[in-house]
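Report on the structure
Listed below, chain by chain, are the residues.
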Amino acid sequence: MRLQKYMAKCGVASRRKSEKIILEGRVTVNGLVVKELGTIIDPNKDIVKVDNKEIQIEKNKVYIMLNKPEGYVTTLKDKHSDKIVLDLIKSIEERIFPVGRLDLDTSGLLLMTNDGDLAYKLTHPSHEVPKKYIALVEGVPNNKKLNRFRKGLKIDGRVTAEAYVKIVKRYKDSSVLKISIHEGRNRQVRKMCEYIKHPVIKLKRVAIGELNLDNLEIGKWRYLTEKEVKYLKKL
Ligand code: URA
């Protein structure tokens, strides 16, 4: 992005006024004074200061829902994978980040925002919102196993909180489960299914609280509506 456009977006001044400020030598990029007007900067990497104060676009809060495909990592950078979820949201200028995580091999609803307070609240163990998943698992679990799943299983040395699970489709060697959990432990659904000896074949998150993926296509994203943002903030 051109430096003066970035400054305007950060609310420093209009683009024209920003040009003047640049020419006055009041702007640094990564510590170096920049006086050229066409200078291109990367809002995600470069540190821009005006009168020695860092500027940022972030004042504009954005809230996004992504239908994450399998094969994308939810970290912002990854040495072992060249596919990161940010690659799917190219046109956003704000520095957004994922709220919580989904495994590399899990698809579905991922929230992304630059609102650190909300992200913190949504992922804090004491606030955990119910998250709904659809899981294709090996075999068809019997009632005893389903009840174990519901009541709590010991994974990683700790018993899981009450969960919801229901069989929605039975095949010969597999079944589709609807699952809802309100904790966010590492690979929790996979570990719970493994515990009852019905390992996950495919996993998709379809809802976080009242926010649903609905018919958002895989790999696509949309802004949350005002109503959805209000709902999340009220949780
Ligand atoms: N549980 C899992 O096992 N994986 C996810 O990605 C999310 C929940």
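Report follows, based on the coordinates. (Residues numbered from 1 in each chain as written. Predicted model: local features only at pLDDT ≥ 70, side-chain atom pairs only at ≥ 80, totals over all residues. Heavy atoms only, no water.)

With that settled, the discussion passes to the sheet that holds strand β1 (residues 27–29). Spatially, β2-β1-β3-β4 is the arrangement adopted by the 4 strands of the open sheet, whose pairing is antiparallel. Unpaired on one side and paired on the other, β2 (32–33) and β4 (53–54) mark the two borders of the sheet. Judged from the 3 bridges that link them, β1 and strand β3 (residues 48–50) form a sheet pairing that is antiparallel. The residue of β3 that forms the bridge with T28 is K49. (Pairing = 2+ DSSP bridges. Helix = DSSP H or I, 4+ residues; strand = E, 2+ residues; numbered from the N terminus.)

Moving on: the site of the ligand. If you check the shell around the ligand, you find L102, D103, T106, Y133, R187, Q188, V189, R190 and L203 and nothing else. The separation between an oxygen atom of the ligand and a polar side-chain atom of T106 is 3.0 Å. Protein contact buries 95% of the 240 Å² of open area that the ligand shows by itself. When residues of the shell around the ligand are assigned to their parent elements, the largest contribution, 3 residues, is made by helix α5 (residues 188–195). Looking at the shell around the ligand, its residues break down into 4 nonpolar, 2 polar and 3 charged. If you count residues domain by domain, the shell around the ligand takes at least three from each of domain 2 (63–125 + 211–234) and domain 3 (130–208). (Near = heavy atom within 4 Å. Polar contact = N/O pair within 3.5 Å; in protein donor to acceptor, adjacent residues only side chain to side chain. Areas by Shrake-Rupley, 256 points an atom, 1.4 Å probe, with all protein chains shown as cover. Nonpolar A, V, L, I, M, F, W, Y, C, P; charged D, E, K, R; others polar. Domains from an automatic or database assignment.)

Moving on, we get to the packing of aromatic side chains. Counting across every chain of the model gives 1 aromatic pair. Between W221 and Y223, the ring centres sit 5.1 Å apart and the planes meet at 85°, which makes this aromatic pair edge-to-face. On the basis of relative accessible area, W221 is assigned to the partly exposed category, the value being 24%. Classification of Y223 by relative accessible area gives partly exposed; the value is 44%. (Phe/Tyr/Trp six-rings, centres within 6.5 Å; stacked < 30°, edge-to-face > 60°. Buried < 20%, exposed > 50% of the residue type's maximum accessible area, 1.4 Å probe, protein only.)

Within the element layout of this structure, T28 appears in strand β1. Filtering out sequence-adjacent residues up to four positions away, T28 remains in contact with V33, V34, I47, V48 and K49. (Contact = heavy atoms within 4.5 Å.)

Mapped onto the elements of the fold, L177 is located in strand β12 (residues 174–181). By relative accessible area, L177 is classed as buried at 0%. For the pair L177 and I167, spaced 10 residues apart in sequence, the C-alpha to C-alpha distance is 4.5 Å. Excluding its chain neighbours within four sequence positions, the residues that come into contact with L177 are Y133, I134, A135, V137, P141, V165, K166, I167 and V168.

This paragraph deals with the nonpolar core. Residues I89, M112, F149 and I179 are the most contacted members of the largest nonpolar core, which totals 31 residues. For this core, the secondary-structure elements that each account for two or more residues are β5 (63–68), β7 (106–113), β8 (131–138), α4 (143–151), β11 (164–170), β12, α5 and β13 (200–208). Taken domain by domain, this core gets at least three of its residues from each of domain 2 (63–125 + 211–234) and domain 3 (130–208). If we ignore the near neighbours within four places in the chain, the residues touching M112 are V62, Y63, I64, L66, V85, L86, I89, I96, F97, P98 and V99. Core analysis: the second largest hydrophobic core is formed by 17 residues, M65, L111, A119 and V129 among them. (Core = buried A, V, L, I, M, F, W, Y, C linked by side-chain atoms within 4.5 Å.)

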